[in-house]
Amino acid sequence: MQPIKVLFHVSEQEVWPKAVVNIENYLKDVEKDTVEIEVVANAGAVVTYFNAEKKELLDRMANLSADGVRFTACRNALKANGLAEEALPSFAKPIPAGITEIVNRQNEGFIYIKP
Amino acid sequence: MQPIKVLFHVSEQEVWPKAVVNIENYLKDVEKDTVEIEVVANAGAVVTYFNAEKKELLDRMANLSADGVRFTACRNALKANGLAEEALPSFAKPIPAGITEIVNRQNEGFIYIKP
Amino acid sequence: MQPIKVLFHVSEQEVWPKAVVNIENYLKDVEKDTVEIEVVANAGAVVTYFNAEKKELLDRMANLSADGVRFTACRNALKANGLAEEALPSFAKPIPAGITEIVNRQNEGFIYIKP
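Residues numbered from 1 in each chain as written. Chains lettered and ligands numbered in written order. Predicted model: local features only at pLDDT ≥ 70, side-chain atom pairs only at ≥ 80, totals over all residues. Heavy atoms only, no water.

Comments concerning the interface of chain C and chain B
Phase 1: Chain C puts 15 residues into the contact, and the matching count from chain B is 13 residues.
Phase 2: Between chain C and chain B, roughly 1200 Å² of surface is buried when both sides are summed, and carbon and sulfur atoms account for 63% of that area.
Phase 3: Of all residues in chain C, the largest losses of buried area upon contact with chain B belong to I99, T100 and V103 of chain C, amounting jointly to 39% of the total for that side.
Phase 4: Summed over the shared surface of chain C and chain B, the number is one salt bridge. (Contact = heavy atoms within 4.5 Å. Buried area = accessible area lost by both parts, 1.4 Å probe. Salt bridge = Lys/Arg side-chain N within 4 Å of Asp/Glu carboxyl O.)

Now the structure itself:
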C-alpha cells in the first residue's frame, strides 16, 4: 500500500511548537510506516534551527527525525537571514527553494497542511 | 452531482472571526446543497468554543451549523488546554485528532483552506 | 506541456512581504512560461493594495504582475474595509469572493500555498 504523504509548511518561528505537537500527535495516531512526512521550513521559520534557546523544541524535532520525519530548510531563507547551512542541526536538510519544494511535493501527492 | 467539499483549518483563536466571515460569504455565493463544509479546529483554536465573551461569534457559528457546516474540535487540543469535551457547544463535535482529520478529509477530496 | 498552476492565499497585511519574496524566489527557480501563478487576497490583506506607504512592496507586486502573476482582491473584503475597487492599483483585479475563487482554482488543479 502506498504511504500517506503529508507536508507541513512552517514559515514563522512562533509556529514551530504547534507544528511539532501536530506531528507528534499525528504519529501517535497512525502506523509510522504508513506515512511519509516532510516539513518545509521557509522564511523566518529557518531561524529556529539555529536557536540554542529552543533546545527542548529542537530535541523533539530530532526525535521526530529519528522516527522518519524529514525536516528541510529553504536556502533562500537561510541566505536572507545570514545563516550558514553547514551550521544546520544534522536532522535538517537544506533545499534550494521552499516554494518550489512545496509545489513539487504537492504534485507528487503530498497533502498540504499549514500548522 | 457531487457536492464541492471544503475544509477550513483553524488553529488560532484570533483567526475565528476571519474564518466565520469566510464561510458566511462563501455560503452566500453558492447553493447550500452543492457544498459540504467542515471546520477543523485544533491547537489554541478550540479554546474559543468555551469562551462566553465570544457569544456573538459562537452564535454565528451555531447559525452556520444549522446551515449544514460541521464544526469539530481536536481532542488532543481539548486535553492540552484542560477543556472537557462534554462542555463543547452542541454544534461542535469532538474528533480524535485534528491533523488526522485534515489528512483523511483531503484524501476524500476536500479542498484545504487556511483562513 | 501543461503549466504548473500555483495559488498563493494572502489574508493578512503583514504576510505580503513574505508572499512577494516567495513568488520572486519561485520565479527565479522556474521557467516563467511553465507556471501560472495567482494571488488571492482576501480579508485584511486587500488593504495593502491601497497603502501608499507600501510603495516599494506594491512596485514589486507590479513587477511580478508584468511577469504574468495575477493579483486579485476579494470584493467582500474591499466592501468590509470601505475600499473602492476603482481605486485598486491597475495590476490588481477585483474578484467576487475570495473563498469561492480559492475553491474554484483548486478544483482547476491549482496548488494551494499559504505564505
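Structure shown, so let's carry the discussion forward.
A short note on the pairing of strand β3 (residues 70–74) of chain A
Two faces belong to every sheet, and in a regular strand the side chains alternate between them.
All names here are of chain A.
Phase 1: Across the five residues of β3, four count as buried, placing the element largely inside the fold.
Phase 2: Here strand β2 (residues 35–41) runs beside β3; their pairing, made up of four bridges, is parallel. Counted as the bridge partner of A41 is A73 from β3.
Phase 3: Note that the unit made of β2, helix α2 (residues 55–66) and β3 has a crossover that is right-handed.
Phase 4: Pairing geometry for β3 and strand β4 (residues 92–95), over four bridges, is parallel. By the bridge assignment, F71 is partnered in β4 with A92.
Phase 5: Read as a crossover between parallel neighbours, the route from β3 over helix α3 (residues 75–80) to β4 is right-handed. (Buried < 20%, exposed > 50% of the residue type's maximum accessible area, 1.4 Å probe, protein only. Helix = DSSP H or I, 4+ residues; strand = E, 2+ residues; numbered from the N terminus. Pairing = 2+ DSSP bridges. Right-handed = clockwise from strand over helix to strand, strands pointing away.)

Overview of the interface of chain B and chain A
Phase 1: Listed per partner, the contact involves 15 residues of chain B and 13 residues of chain A.
Phase 2: Buried surface at the junction of chain B and chain A, summed over both partners, amounts to about 1200 Å²; 63% is from carbon and sulfur atoms.
Phase 3: Counting across the chain B and chain A interface gives one salt bridge.
Phase 4: The shortest N-O distance in the salt bridge between K18 of chain A and E12 of chain B comes to 3.6 Å.
Phase 5: Taken together, the links from chain B to chain A amount to six residue pairs in polar contact (both at pLDDT 80 or more).
Phase 6: Sorting elements by how many residues they give to the side of chain B that touches chain A places helix α4 (residues 98–107) of chain B first, with six residues.
Phase 7: Partitioned by chemical class, the residues of the side of chain B that touches chain A number six nonpolar, seven polar and two charged. (Polar contact = N/O pair within 3.5 Å; in protein donor to acceptor, adjacent residues only side chain to side chain. Nonpolar A, V, L, I, M, F, W, Y, C, P; charged D, E, K, R; others polar.)

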